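What the coordinates show
Residue strings, one per chain:
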Amino acid sequence: MSWTPPRSVAVKALCVCRRGGRILVQDLADPAGRRFFRPFGGAVEFGERAADAVRRELREELDAELADLVLLGVLESLFVYDGHPGHEVVFVFDGALADASLYGRDDLVGREAEGDPVPGVWVEVGALPAGVPLYPEGLAELLREGA
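A brief look at the structure comes next. (Residues numbered from 1 in each chain as written. Predicted model: local features only at pLDDT ≥ 70, side-chain atom pairs only at ≥ 80, totals over all residues. Heavy atoms only, no water.)

1. Let's talk about the pattern of salt bridges
- In this structure the tally under the stated criterion is 13 salt bridges.
- A salt bridge links Asp 52 to Arg 55, with the shortest nitrogen-to-oxygen separation between them at 3.6 Å. Residue Asp 52 and its partner Arg 55 are located together in helix α1 (residues 50–62), separated by three residues, close to a single helical turn.
- We note a salt bridge from Arg 144 to Glu 141, for which the minimum N-O separation is 3.6 Å. Of this pair, Arg 144 and Glu 141 both sit in helix α2 (residues 139–145), three residues apart, roughly one helical turn. (Salt bridge = Lys/Arg side-chain N within 4 Å of Asp/Glu carboxyl O. Helix = DSSP H or I, 4+ residues; strand = E, 2+ residues; numbered from the N terminus.)

Here's what the structure looks like:
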């Protein structure tokens, strides 16, 4: 099933988990095969606080609990995905994985709501592979400001 951005503003909550100078991200590709990185997290449901949403999403996606959650900032993202315009307000949190053993793993695999596997990789924000963006737009700058 292909994802299409909703025709309304979506609210998302993402978590930046750090390992030294690296952060944990999903290694994704759009339908045209263009690769991109995005921290784990997802939609904030009606009646749910953003911090609770990001905890739920990491539980669902990585079977991981979060600790020391701190809001780094909020980004507004206007984008096009598979030819469809999208608009998101994204709460970006800094957090720690409660299970310290996850920091030693380079083979993390998350699961999307549809059950599709999503590789988790540790990347250095200042040294991303050429042509592979980090989303949402503005995240790299937010991380530099809050470093």
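Next comes the rest of the description.
2. Some points on the environment of His 87
- Topologically, His 87 is positioned in strand β6 (residues 84–97).
- Take His 87: its relative accessible area is 23%, and that puts it in the partly exposed class.
- Linking His 87 and Val 25, residues 62 residues apart in sequence, is a C-alpha distance of 21 Å.
- Excluding residues within four positions of it along the chain, His 87 makes contact with Ser 8, Val 9, Ala 10, Glu 76, Ser 77, Leu 78 and Phe 79. (Buried < 20%, exposed > 50% of the residue type's maximum accessible area, 1.4 Å probe, protein only. Contact = heavy atoms within 4.5 Å.)

3. Observations concerning the pairing of β6
- Across eight bridges, the pairing between strand β1 (residues 10–19) and β6 is parallel. Within β6, the position partnered with Ala 10 by the bridge is Glu 88.
- Of the pairings in the sheet, the one linking strand β5 (residues 66–81) to β6 comprises 13 bridges and is antiparallel in character. The residue bridging Val 74 from the neighbouring strand is Phe 91, located in β6.
- The turn linking β5 back onto β6 is made up of two residues, and Asp 82 within it adopts a positive phi angle of 55 degrees. (Pairing = 2+ DSSP bridges.)

4. Notes on the pairing of strand β3 (residues 35–38)
- Looking at chain direction, strand β2 (residues 22–29) and β3 are connected through four bridges and run antiparallel. Within β3, the position partnered with Ala 29 by the bridge is Arg 35.
- The turn linking β2 back onto β3 is made up of five residues, and Gly 33 within it adopts a positive phi angle of 90 degrees.

5. Quick look at the nonpolar core
- Among the nonpolar cores identified, the biggest contains 18 residues, and Cys 15, Cys 17, Leu 24, Val 54, Leu 58, Leu 66 and Leu 97 are the most heavily contacted of them.
- When residues of this core are traced back to their parent elements, those giving at least two are β1, α1, β5 and β6.
- The element that contributes the greatest number of residues to this core is α1, accounting for five residues.
- When neighbours within four sequence positions are excluded, Leu 66 is seen to be in contact with Cys 15, Cys 17, Val 54, Arg 55, Leu 58, Ala 96, Leu 97 and Ala 98.
- By size, the runner-up hydrophobic cluster in this structure holds 16 residues, among which are Val 16, Val 125, Val 132 and Leu 143. (Core = buried A, V, L, I, M, F, W, Y, C linked by side-chain atoms within 4.5 Å.)

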